[in-house]
Every structure is written in C-alpha cells, then in structure tokens.
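Residue-level structure breakdown
The primary structure of each chain is shown beneath.
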Amino acid sequence: MPQQTAHYLKDYRAPEYLVPAIRLDFDIREEHTAVAAELSIQPQPNAGGTLVLQGSAELVSLAINGQRLPENSYSLENNTLSIPNVPAQPFSLSVSTRLYPHANKSLMGLYASGGNLYTQCEPEGFRKITYHPDRPDVMGIYTTRISADRARYPVLLSNGNRTGSGSLPDNRHWAEWHDPFAKPSYLFALVAGDLVCTRDSFTTKSGRQVALEFFTRAEDAGKVRFGIESLKHAMRWDETRFGLEYDLDIFMVVAVGDFNMGAMENKGLNIFNTACVLADSRSATDADFERVEGVIAHEYFHNWTGNRVTCRDWFQLSLKEGLTVFRDQEFSADRASREVRRIENVAFLRAHQFPEDAGPTAHPVRPASYVEMNNFYTLTVYEKGAEVVRMYHTFLGEAGFQKGMQLYFQRHDGQAVTCDDFRAAMADANGFDFEQFALWYSQAGTPVLEVSGSLQAGNRFMLNVRQSIPPTPDMAAKQPMMIPLKVALFSADEDSFGEPIPFRLPENLSADANTHTEAVLTLQQAEENIELQFEGAYRQVVPSLLRGFSAPVNLHYAYSDHELSVLLACDSDPFARWEAAQTLYRRAIAANEAALVSGSPLPEHRALLQAIDYVLRADIGAAFQAVLLGVPGEAELWAGRKNIDPLIIHRAREALLDLIASHFAEQFAALNAEARRMEEEQSGLAEPYEYHPQQAGWRALRNVCRAFILRASPAHIAEVAERYPQMAHNMTHEWGILCAINHNERPERNRLLEQFAAKFRSDDLVMCKYFTLIAASHRADTPAQIQAALAHPAFSLENPNKARALLGSFGRNVPHFHAADGSGYAFLAGQIGRIDRFNPQIAARLAQAFNICAQLEPQRRSLMRAELEKLAADPALSKDSGEIIGKILQ
Ligand code: PHE
Ligand code: ZN
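Quick summary incoming for the structure in this document.

Procedures and definitions
Residues numbered from 1 in each chain as written. Chains lettered and ligands numbered in written order. Predicted model: local features only at pLDDT ≥ 70, side-chain atom pairs only at ≥ 80, totals over all residues. Heavy atoms only, no water. Helix = DSSP H or I, 4+ residues; strand = E, 2+ residues; numbered from the N terminus. Polar contact = N/O pair within 3.5 Å; in protein donor to acceptor, adjacent residues only side chain to side chain. Contact = heavy atoms within 4.5 Å. Core = buried A, V, L, I, M, F, W, Y, C linked by side-chain atoms within 4.5 Å. Buried < 20%, exposed > 50% of the residue type's maximum accessible area, 1.4 Å probe, protein only. Pairing = 2+ DSSP bridges. Donors = N, O, S within 2.8 Å, 3.2 Å for Na, K, Ca; no water. Tetrahedral: all angles 85-135°; square planar, octahedral: opposite > 155°, others 65-115°. Axes fitted to C-alpha atoms, helices over the stretch in contact; angles between N-to-C directions. Parallel < 35°, antiparallel > 145°, perpendicular 65-115°, else oblique. Left-handed = near helix turned anticlockwise from the far one by under 90°. Nonpolar A, V, L, I, M, F, W, Y, C, P; charged D, E, K, R; others polar. Near = heavy atom within 4 Å. Areas by Shrake-Rupley, 256 points an atom, 1.4 Å probe, with all protein chains shown as cover. Salt bridge = Lys/Arg side-chain N within 4 Å of Asp/Glu carboxyl O.

**Observations concerning the side chain of His173**
Relative to the elements of secondary structure, His173 occurs in strand β15 (residues 172–184). Within the structure, the side chain of His173 is placed 2.8 Å from the backbone oxygen of Tyr153, a separation counted as a polar contact. What His173 contacts, discounting residues up to four positions off in sequence, is Ile146, Ser147, Ala148, Asp149, Arg150, Tyr153, Pro154, Leu156, Gly166, Ser167 and Leu168.

**Focus: the nonpolar core**
Core analysis: the largest hydrophobic core is formed by 284 residues, its most contacted members being Ile83, Leu93, Tyr408 and Phe850. For this core, the element with the highest residue contribution is helix α5 (residues 379–412), accounting for 14 residues. Here Tyr408 is in contact with Val309, Leu319, Leu323, Asp413, Val417, Phe422 and Ala425, once residues within four sequence places are set aside.

**Quick notes on the sheet that holds strand β9 (residues 91–99)**
Across the sheet, eight strands lie side by side as β6-β5-β9-β3-β2-β12-β15-β14; this open sheet has mixed pairing. Looking along the sheet, the strands with just one partner apiece sit at the ends: β6 (67–68) and β14 (161–168). Two elements, strand β5 (residues 58–64) and β6, share two bridges in a ladder whose sense is antiparallel. Within β6, the position partnered with Ala63 by the bridge is Arg68.

**A few points about the coordination of the zinc ion (ligand 2)**
The zinc ion (ligand 2) binds to the protein through His298 (NE2), His302 (NE2), Glu321 (OE) and Glu321 (OE); the donor distances cover 1.9 to 2.8 Å. Each of the six donor atoms bound to the zinc ion (ligand 2) contributes to angles spanning 49 to 161°, and the resulting shape is irregular.

**Concerning the packing of α5 against helix α6 (residues 419–430)**
α6 packs onto α5 with a crossing angle of 110° between their chain directions and a minimal axis gap of 7 Å. As far as their axial angle goes, α6 and α5 are roughly perpendicular. Relative to α6, α5 is oriented so that their crossing is right-handed. Mapping the contact onto sequence places Tyr392, Leu396, Gly400, Phe401, Lys403, Gly404, Met405, Leu407, Tyr408, Arg411 and His412 in α5 and Asp421, Phe422, Arg423, Ala424, Ala425, Met426, Asp428, Ala429 and Asn430 in α6. Here the contact of α5 with α6 is composed, by residue class, of 11 nonpolar, four polar and five charged.

**Focus: the sheet that holds strand β11 (residues 116–120)**
Strand order in this open sheet of four strands is β10-β11-β16-β13, and the pairing throughout is antiparallel. Two strands lie at the open edges of the sheet, namely β10 (109–113) and β13 (155–158), each paired on one side alone. Here the average twist between neighbouring strands, direction ignored, is 15°. Two elements, β11 and strand β16 (residues 190–193), share two bridges in a ladder whose sense is antiparallel. Bridged to Leu117 within β16 is Ala192.

**A few points about the site of ligand 1**
Neighbouring ligand 1 are 13 residues; Glu122, Glu265, Glu299, Glu321 and Tyr382 lie closest to it. With respect to ligand 1, the side chain of Glu321 contributes an N or O atom lying 3.1 Å from an oxygen atom. Between ligand 1 and Tyr382, the relevant distance is 2.6 Å, taken from an oxygen atom to a side-chain nitrogen or oxygen of the residue. When ligand 1 is considered free in solution it has 320 Å² of accessible area, and contact with the protein chains removes 96% of it. Among the residues forming the shell around ligand 1, the class breakdown is five nonpolar, three polar and five charged.

**Some remarks on the pattern of salt bridges**
With the rule as written, the count across this model stands at 72 salt bridges. A salt bridge links Arg236 to Glu239, with the shortest nitrogen-to-oxygen separation between them at 2.8 Å. Taken as a pair, Arg236 and Glu239 lie in helix α1 (residues 225–242) at a separation of three residues, close to a single helical turn. Under the relative-accessibility criterion, Arg236 is labelled partly exposed at 36%. Between Glu330 and Arg390 there is a salt bridge whose closest N-O contact spans 3.1 Å. Of the two residues, Glu330 is situated in helix α3 (residues 317–335) and Arg390 in helix α5; the sequence distance between them amounts to 60 residues.

The following block contains the structure:
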C-alpha cells in the first residue's frame, strides 16, 4: 500500500492567494487537448510569497505577467506546484497544459465517453486540467473558449452564457462561454461532442424566460421528456416553498453513459449519469422515474444550496449535500405520497447508512480527516446529513426553518462557508439554542435510545429515556446529544381502543394548559424522565415514539406484540405504523435464527401473521401496503452485531418469507388480481409522460405479490413465462417478474433472462438491469453465469454503471459472496484489483462490500482478511482503495 497522507479539518488555513478571474482556452485535437489558462492572482494579507497550486496534468509552460518562468524557478512534486517569490501585487499567471482525455479512464478531469468529451471536477478534478489552488474557498469568474473539429464536436458547452462562436480554418469552429457568478473550481464544466439538444423553457416567478436545453446522444432523445418535466416542477417548487428563483438565462443538462456518480451540479451545465436523467416506461421502472425526478431536483436545488452558497472546505461537504438531499426529499414528498417517501428514505438510511455508522469507515457528518476526499461522498454525509437538517426543521417548524434559510442566504450568498454558519443562521433567525446540536456534526455512530414507560394513576405516562452513542474507530467516548423525540399516546382500552390521548407537555403541567396529541420532546441528557399528563383515566396506554423518524437513532422499547399491533392498526403516523411492522419482522427473524442455531422447530409467528393479515385487508393505499410488506434486509440486521454467520441469518430471513408466502398464498393471488384491475383502470392517468404515482403504487403492490406467489410455488414460472410477452411493454412489470423468478432453478428462468438481454442488447441502462439480475441470483450456477457476463459483449469493467450492476450486486448477494470457501471474496477482490488500476474511485466503492469483515465469524473473517491483505500488498494500490482497505484491516 502506498504512503497515506491525511488532511485534517483542524489544519484549515485561509487561502494566501485568491483567483478572482480565470480564462481558459481548450484546443481540442484528435489525440490530445491543449489547455491555456490565465489566472488573475490576488495575494491576500497572509500571503507568504510562495504560490502553491495543485495539478497533475502534463505541464507545458508557466508565465507570470507574460514572462515565461524558467524550469529552475519553480518546483513540482507530488502534484504540488510551488512558485517562490511571486509578486506581492495582483498578477497574472499563464499555465499551459496538455491533456489526453481518451486515455483517461478515471472519469475525473477531462475524459472521453463514446467519442465525446466531458469534465468532472468535484471534488478535486480541476487539478487534472490545469494548475490552480483547486479548493472551494477560492472562487472566480470563468471565461472559457473551446475550439474543435466541427464535424466531430458540433456541440461546445461550458458554464454560463454563450458569448460568441464562429468558424476556424480546417473545418474547425469555436465557442466562448462566460459565467457571471464567481464559483469554486469544482463547479467548472465543459462538454464537447456530437449531441442532440431537446429544448424547452421556464418562466420564473419574476417573469424571466429561462432556456432549458437537454443534450443526449441522438438515440436517447426519446427518453428525455420526463427529465425536462421534472426540472420544471423542481424550478417551480423551489420558488414556492423556498422562495428561490433561477439566476441565469439558460440551464443545460447533459447525459453521459460513463459517470462515477449520479449527477453533477456544475453551474448552469449539469452533467448527468444517463441512469439519472433518461427514462421511458418501456426501459425504466417506476422507481427509476422517481429517482430521475429526485436527482434532477437535487442537482437543480444545488444552484442555491451548493453553488450560490458553497463549502469553505471539503470537510463541510454535508453543508451542501445534507441540505440538498433534505430539499429533494421534501420536493418528492410534496409531489406525491409523502408518507411512503418518508418510509423509503428511512428504510434506505437504515439499510445502508446505519451499517456504515457501525463499521470500520464510520465518520461524523462533518469528517475530521480524510486521505482521499472521493471516499467521503458517503451515506453519512448525504443521508444522515439530510436527517440532521430535518431535525432543525422538526425543532423549528416550517416557518422557523424558512426564516433560518432566509438569514443563511442573506448572510452568505456568494460565500464559501461552514456547517457552523448554517447552524448559526438557524439559531439566530429563531432565537433558538443550537449549541449542543453541534455534536451531530462531530460525533459518528448511530445514537441508541433505551426507552421505558409506565402508566401511573391512570392519568400520567412516565417515560424514562437513556441515550448513548456507540464508540466508533475515530472516537471512543461521546457526549449526550440534543435529540428531537416526537411522541404521541394511544389508548388500548376497549371503550376507546386506538384513540389518541391528548396530553400536556412536560414543561407545562398546570391543569389549565393546552393539551396536544403529539409533541416534540427535546432530549439533552444521558438520562431523563419525562411526564406526560392527561385528563381522565386509562388502563392501557401505548406510547408512539420517534414519530416520523424524528431523529436518526436506534430506539428500543419493550413493546408487547399486542402493543405493536395497536400501533400498526391505529397510529396516525405512517412511519410509526410501518415501524411497528418492522419490529415484528425483526423479532420473527431473530426467533427463526435462534431456532436454527439450536436445531429446534421454527416458531409459528402468530402475532406477525395476524399483523400481515391486517395489512393485506386494510384500506390504506397500494403503495403503503407494498412498503408495509417489506421485510428488513440482511445488511440492516447485521448492524452492530458480532460473530455473524451470514448464512444462518439469511436462512432465518428466507424461512420467514417462505412462511408468509405459503400462509397467504390465496390472499396474494387475490390482491394481485385486484391490483392488476386497478392499474388497468387507471391506465389513462399517465399521459403524456408515462409515469403516474397512483399507478406506480398498484404496480409496486403487484410486484410484491408476484414475489410471494412465485416463492410459494416455483413451478408457477411455466405459466409466467407464457404470459410474459403481455407484460413486456412496461419495465416495472418486466423487472418485477424477473426479480420474482430470479432465484428459480428451473430452465425457464434462464430463458426469460436471455430473451430480456436479447431484446435490450443495445440499451446500456437496461443491460445493467440484466447484469444486476445475473449477479444477485441465489441459483447454484450464479458464479459461472457471472463469469459469462464478464465476457458479454455489452459488459465493460470501464463503465461504472455496468461494473456496479455486476460487482456491486454480487457484493450484496449473501449466499454467494459469503460462500463458506471464500470463493466469493476472492472473486470480488480480484475484480477490484483490476478496476483500481484505471478507476480508483469505483474500486474503493466496491471495496466497501468488505466493511463487514470484523463482524464476521472467525473463519470467514480470516478468508476475507487474506484477500484484503493481498490487495493491500500491491505497491500500486490507489490511495482511494488504500484508505478503505486500511480501515477495514485495522
Ligand atoms: N455533487 C454531486 C451531487 O451530489 C455528486 C458528485 C460528487 C458527482 C463527486 C460527481 C463527483 O449532486
Ligand atoms: Zn448533491
């Protein structure tokens, strides 16, 4: 493993040299691109005389105020350029570099994809283009000129407005772009290539016309409509809910097939992974449509939360990402199905962020150090960061939160700031004390709330709450945090069964005080007792805790099965209802596991079956029904455990699914038929953009039913295969069917998958679905099928979407990845080693499949360690992978 240099938040120093303006000239040639950069440098009072710039591009020449610098007048080491004795007055630095975008497989900096050129600069890609401080607190005005062959690169784009274009000799042409807003280098973007443009426009609330331009390959232009509509919805929503209006006259979106992440918010020129912008119902599932809408909104919202106000340094990443995820979640919730969206967000957080927070790479929402910043685009920074923003909202309410946002923009528009600045704006706008709240940014680990409760004298409910934060590799002992705990009380008495009980707030117990049916309690101490008083007397009171998932914590309360069924049936908070069901599922899987370990018969799970019976009959909406039938996944069940045998937990979970499938076989068949009728009845709804949330709900329910039906009777696959063509006009159906039969050992499964691959062989995004199915299957021949997939003409390790589809999915395939002989570990480690040579960022992400190492039982642990040690022994291993693997092995 190479030397690891860490960067620390505590070492932050203000920049010595600013770059308030920069002119870039890209001369695009067949094999290379020549870049001439002219940086206006402004020394600051703290400047020491040596200008330090970051860069890894081939350096051709340097000049100060037009005077060429001889090679012995500067040093270039470890991609750091130091120029001593620079002027103390503002000066101009000319840097010329030479890039080889066609050889760049890291997809950072300037790279080629399908013959076109694209940039990716966040977080530190700009230094692969030219030499620059390349840190977000150095902001400047960019003017960019691009020249290229007209036939190969008819479209030439950069940030801001096009200020000129024209012809050049030799069938070449040029365009010049100017972005009037000062921005950090990570928001710079350039696109050159043969793309078609789909146009629309948006009129802002103050009446300005904004041109909307979506650039895609010609063959993808038919899939762009939904993204454009999503953008218009997002623009309108940001005006109405946040009062934020778009600030340029043009907003461009470019789709690219090779992209490391989801999308990028470059000022005025967003660049999207095709998977996050293209969608039509033939090739995209309803979930894909929802993702496109969410990501389009997310990138658009960054224009204010990220671009107009940006981050002082990369430790503050959650300042823009946590806030922008919160905003996109709220947008999606306002669009449709708020309660289901919230549950999906929580389920996602628990399945992915909780394990991260309990594993070797755990870090606070604001990390204290990093080796490779790319490794910190994490679920903690994004998803837990969004929960942290949501907690301000929970404490302050919508009006108070918006007051805080207004003060934040008033104070910081055009600046690069910190998470503390955001917290101060929320506090100052509301006169609210968020001092202790700062710990949410500095302490990693999911807090645990141990809650007990008792009914006293029939009219008081006493809560005892103890909070603790588990130790993480970066920090052993932690302080109590400020946690919003939203609560309600329900009666389980016969004469008032399921009714909410109005109570007085603990800070106001006087008899004439108002009563509430819900309250946000503020926890601040390691242990506290809270008294909730009410009128009248009750015999059985059930507390509803952490309503709406009011904080990202693990809450334990010793509910009886009966109490859980009361909450599931009667709670007015959809999250709390879902949580009651989740608790029953978790208990049932744990009981199955205990039975498997001791060799006793599996329990009957009467309470759970009764609860499911209720869910299947309840009139609560199809989408809600579908999520209530979702059983927690393995990764979530592992969080916080030691000595895990993944196969036993897997079998315990599968056994529960088998029981549900067989017990409710008839109900699932009936519900499936009903959902089919309802979906068809509503088929008029979707025009013209082919997705409609109500229909999507019915399809989601159908797919849940399908999975249970085929689980109970695998032989049913023959009938499914026959009827398949009727469903093959809509990807949500195709995907649901293929998922339902994907573990089936019968030959029909292979036939259906091969048909699917043949039908979509030239659609890269759908082929990713095919590779996902191959890699996720529990079938015995999966390892062989994965080998075949690696050689499939549509597969490429160099394409992140494909690599993730095949290898990322394999890392989640419990029985095969965790095969007892270690073959799964060896396979994935080998592939990661290959990818690491050209795309360290993707390799490091895939390596996180090994995060579970220290929690495994000893045999698997040592097999896994052996593979990781082999990777770590490679002297050429990237710092990206080195950082992750180093943490896992520690
Ligand atoms: N800033 C992007 C987003 O969250 C994510 C991203 C990070 C994309 C780094 C590319 C590289 O919207
Ligand atoms: Zn973002």
